[in-house]
Amino acid sequence: MMKNEMKRLFFSKGMLVAILLGMGVVLWHQVMYVWKPGFEKEGDLCMETVYYNWIGGDCSCLQTFLFYFMIPILAVLPTGCSYFDDIQSGYVYQYKFRGAQDEYLKGKVCATFLTGMIVTALPLISSFLMTAMKFPLLYPEPIKGLGPGLYSFDNALYYGHPLIHVILFICIAAIFSGGMAVFALTAAFIFNHKFSVMITPFVIFYFLFSMDQILGNHDYSPNYFLIPGFGPHLWWEFAVGLAVFALNIILFYHIGKKR
């Protein structure tokens, strides 16, 4: 069941579109800010390190915020409407009549979560590796004040073990992307229109962004606190996000099983 769902989602047109969109933003950033001749010599900042220049570390450019703002859109493209389509076509009932409904739901959640992770992780990894072809792995300098902030829980990790910090935050962004994709599965129980199902993760994302702008801080919006070089990073932001994703997965499984 898992193999079948992964094959359906990995070789879908939505998967290809999501990868192209994510890589497009990354390449746009590379052309404008990494491959631009003499960019590292501009200003008085020490820019000769990959940790300041890859898309997750360069917090002063449009492409960084655009990419992280697009996460719920990228996540839902390969998988978001697959369960909705299965319900509308009657495909899901084949498994119900064969007594394989549990396996189908588990396979659907796992495949959706994994494809959501990949469409975000792949562009981020590509950005870091391509940027590392030009800039060395020099440690960030605390005196420059370009890191996640003094009150961030990952402050010591960023300056002491920056490569581990990058890997950690790519994994966190991928998990959040996979979690947002699963919201589209649950939305199939609520909405009768395909577009409404697809847009649900982005509506949630944009609501948190709006709350962030109204309250004037960056504690609520994932498109801010998921950026490795931006701050502050507070532990409860990530804990609440993971708890909500876990609750949503449990909710989808139990509703799907009853239906």
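That block above? That's the structure.
Residues numbered from 1 in each chain as written. Predicted model: local features only at pLDDT ≥ 70, side-chain atom pairs only at ≥ 80, totals over all residues. Heavy atoms only, no water.

Caption draft 1: Representation of the packing of aromatic side chains. Applying the stated criterion across every chain, the model contains 25 aromatic pairs. Here the aromatic rings of Phe 69 and Tyr 206 are separated by 6.0 Å at their centres, their planes lie at 80°, and the arrangement is edge-to-face. On the criterion of sequence distance, the pair formed by Phe 69 in helix α4 (residues 62-69) and Tyr 206 in helix α11 (residues 194-215) is long-range, its members being 137 residues apart. Among the aromatic side chains, those forming a connected cluster through ring pairs are Phe 65, Phe 69, Phe 202, Phe 205, Tyr 206, Phe 209, Tyr 224 and Phe 230. (Phe/Tyr/Trp six-rings, centres within 6.5 Å; stacked < 30°, edge-to-face > 60°. Helix = DSSP H or I, 4+ residues; strand = E, 2+ residues; numbered from the N terminus.)

Caption draft 2: Local environment of helix α5 (residues 71-79). Burial analysis of α5 places seven of its nine residues in the buried class, which makes it a mostly covered element. Three or more residues of α5 are buried, namely Ile 71, Pro 72, Leu 74, Ala 75, Val 76, Pro 78 and Thr 79. (Buried < 20%, exposed > 50% of the residue type's maximum accessible area, 1.4 Å probe, protein only.)

Caption draft 3: Geometry of the nonpolar core. Counting residues in hydrophobic clusters, the biggest one holds 42 residues, and the most contacted among them are Tyr 68, Leu 124 and Leu 226. Top contributing element to this core by residue count: helix α10 (residues 162-187), with nine residues. Once you skip the residues sitting within four places of it in the chain, Leu 226 turns out to touch Tyr 68, Ile 71, Phe 169, Ile 172, Ala 173, Phe 176 and Phe 238. With 19 residues, the next largest nonpolar core counts Leu 105, Val 109, Phe 113 and Phe 189 among its residues. (Core = buried A, V, L, I, M, F, W, Y, C linked by side-chain atoms within 4.5 Å. Contact = heavy atoms within 4.5 Å.)

Caption draft 4: Spotlight on the packing of α4 against α5. Orientation of α4 relative to α5, taken along the N-to-C sense of each, is 45°, at an axis distance of 4 Å. Of the possible angle classes, the one that applies to α4 and α5 is oblique. Where α4 approaches α5, its residues Phe 67, Tyr 68 and Phe 69 are matched on the opposing element by Ile 71, Pro 72 and Leu 74. (Axes fitted to C-alpha atoms, helices over the stretch in contact; angles between N-to-C directions. Parallel < 35°, antiparallel > 145°, perpendicular 65-115°, else oblique.)

Caption draft 5: Structural view of a nonpolar patch on the surface. A surface patch of nonpolar side chains, about 1000 Å² in accessible area, is lined by Phe 153, Phe 207, Met 211, Ile 214, Leu 215, Tyr 220, Trp 235, Trp 236, Val 240 and Val 244. Elements that contribute at least two residues to the nonpolar patch include exactly α11 and α13 (235-258). Given the relative accessible area of 45%, Leu 215 is considered partly exposed. (Patch = residues over 30% accessible without salt bridge, like charges linked within 9 Å, V, L, I, M, F, W, Y side chains within 5 Å. Areas by Shrake-Rupley, 256 points an atom, 1.4 Å probe, with all protein chains shown as cover. Salt bridge = Lys/Arg side-chain N within 4 Å of Asp/Glu carboxyl O.)

Caption draft 6: Main features of the pattern of salt bridges. For the structure on display, the rule yields two salt bridges. The partner of Asp 85 in a salt bridge is Lys 194, with the nearest N and O atoms 3.4 Å apart. Linking Asp 85 in helix α6 (residues 82-89) with Lys 194 in helix α11, this pair joins segments that are 109 residues apart in sequence. On the basis of relative accessible area, Lys 194 is assigned to the partly exposed category, the value being 40%.

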